[in-house]
Amino acid sequence: MFRFSISSKLKTRKINSILLVGLGLFAGCSGQQENSDTINEEPDPNPAAEGFNEKESDVKALAWADAVMTAQGGRQQWDNTRFIQWNFFGRRDLIWDKQTGRVRIDAPNDSTTFLVNVLDETGKVLLRGKEIKDPDSLKNLVSTAKSIWINDSYWLVMPFKLKDSGVTLKYLREDTTAIGEMAHVLQLSFQEVGDTPENKYEVFITEKDSLVKQWAYFAQATQDSASAIWPWDNYKEYNGLMLSADRSDNKGPHDVKIFDQVPDAAFEDFEWKSE
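Criteria and thresholds
- Residues numbered from 1 in each chain as written.
- Predicted model: local features only at pLDDT ≥ 70, side-chain atom pairs only at ≥ 80, totals over all residues.
- Heavy atoms only, no water.
- Helix = DSSP H or I, 4+ residues; strand = E, 2+ residues; numbered from the N terminus.
- Buried < 20%, exposed > 50% of the residue type's maximum accessible area, 1.4 Å probe, protein only.
- Polar contact = N/O pair within 3.5 Å; in protein donor to acceptor, adjacent residues only side chain to side chain.
- Salt bridge = Lys/Arg side-chain N within 4 Å of Asp/Glu carboxyl O.
- Pairing = 2+ DSSP bridges.
- Axes fitted to C-alpha atoms, helices over the stretch in contact; angles between N-to-C directions.

**Observations concerning the side chain of Asp97**
- When you line up the elements, Asp97 lands in strand S2 (residues 92–97).
- Taking relative accessible area as the criterion, Asp97 reaches 0% and is therefore assigned buried.
- A distance of 2.7 Å separates the side chain of Asp97 from the side chain of Thr100, its partner in a polar contact.

Okay, here's the thing in structure tokens:
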């Protein structure tokens, strides 16, 4: 199993460095301007996805986004993660091959299984115990499966997607969470991405550990007050990643597991069962 861990002191030091650089606090410390020809620029340890709206995002928000990535295990660990399995709201079980886009969704109460690829939008579907063969019906169901995956995965891995395609990231304020923790609040708004680009979110990041501890959901970006507010808590390490699951309000993701290997049958065989 590929493992990765950071001691608390090292993690704190890395996070503080990210924030200081992002806020420009290192500028001019030496009192001299270095020759640009002698500076070896290191590659961005947390590059934004293609299509991220960096131009309209602000530096302080980007610094906190990078701090969150570090606190949750780091970009390299996130990129190297292959298979994620979880249950969503007790309704359905998902397995996501993060590197190839293959997704399995089992909804036992409906006797329905989706075996799809969310990148090329192909796959097959067992609907109420019967495999769908009609091309138009199958196309619509594969699209439905992709929408389910977009929603259910966002509830689990949203903090890793703060610099995702179509996102504009703004630093709003300091505020307290519902349980009274001081937090830095970022706003995520969207441009022509996902199923609901009209949404926006506010995420509450606590300074002591740089983890997202609460999110506020706005059904319309023009709203002044949130449609709903939910906690992100009960963080645990899953094969090198810090994830929030089995939350205190009993909503969202449960039974999270991360694997280095999952048999191909999981994404090909309706009858396959997880051990």
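**With respect to the pattern of salt bridges**
- One pass over the full model with this rule turns up 15 salt bridges.
- When the shortest N-O distance is used, the salt bridge between Arg104 and Asp106 registers 2.7 Å. Neither Arg104 nor Asp106 differs from the other in exposure class; each is buried.
- Across the pair Lys208 and Glu181 runs a salt bridge whose closest N-O atoms are separated by 3.0 Å. Pair noted here: Lys208 is in the loop between strand S9 (200–206) and strand S10 (211–218) and Glu181 is in the loop between strand S7 (167–176) and strand S8 (182–190), with a separation of 27 residues, a long-range link.
- For Lys208, a relative accessible area of 66% translates into the label exposed.
- What makes Glu181 buried here is its relative accessible area of 18%.
- Salt bridges sharing partners connect three or more residues here, namely Arg82, Asp97, Arg102 and Asp264.

**Here's the deal with the sheet that holds S9**
- Pairing within the open sheet is antiparallel, and its five strands lie in the order S7-S8-S9-S10-S11. The outermost strands of the open sheet, each flanked by one partner alone, are S7 and strand S11 (228–231). Each adjacent strand pair in this sheet contributes to an overall mean axis angle of 25°, direction not counted.
- Both S8 and S9 contribute to a ladder of seven bridges, which runs antiparallel. Directly across from Val185, in S9, lies its bridge partner Phe204.

**Examining the sheet that holds strand S1 (residues 83–88)**
- Spatially, the seven strands line up as an open sheet ordered S6-S5-S4-S3-S2-S1-S14, and their pairing is antiparallel. Since the sheet does not close on itself, it has two edges, and those belong to strand S6 (130–131) and strand S14 (253–259), each with one partner.
- Strand direction decides the pairing type here: S1 and S14, joined by five bridges, are antiparallel. Looking across to S14, one finds that Phe88 is bridged to Pro253.

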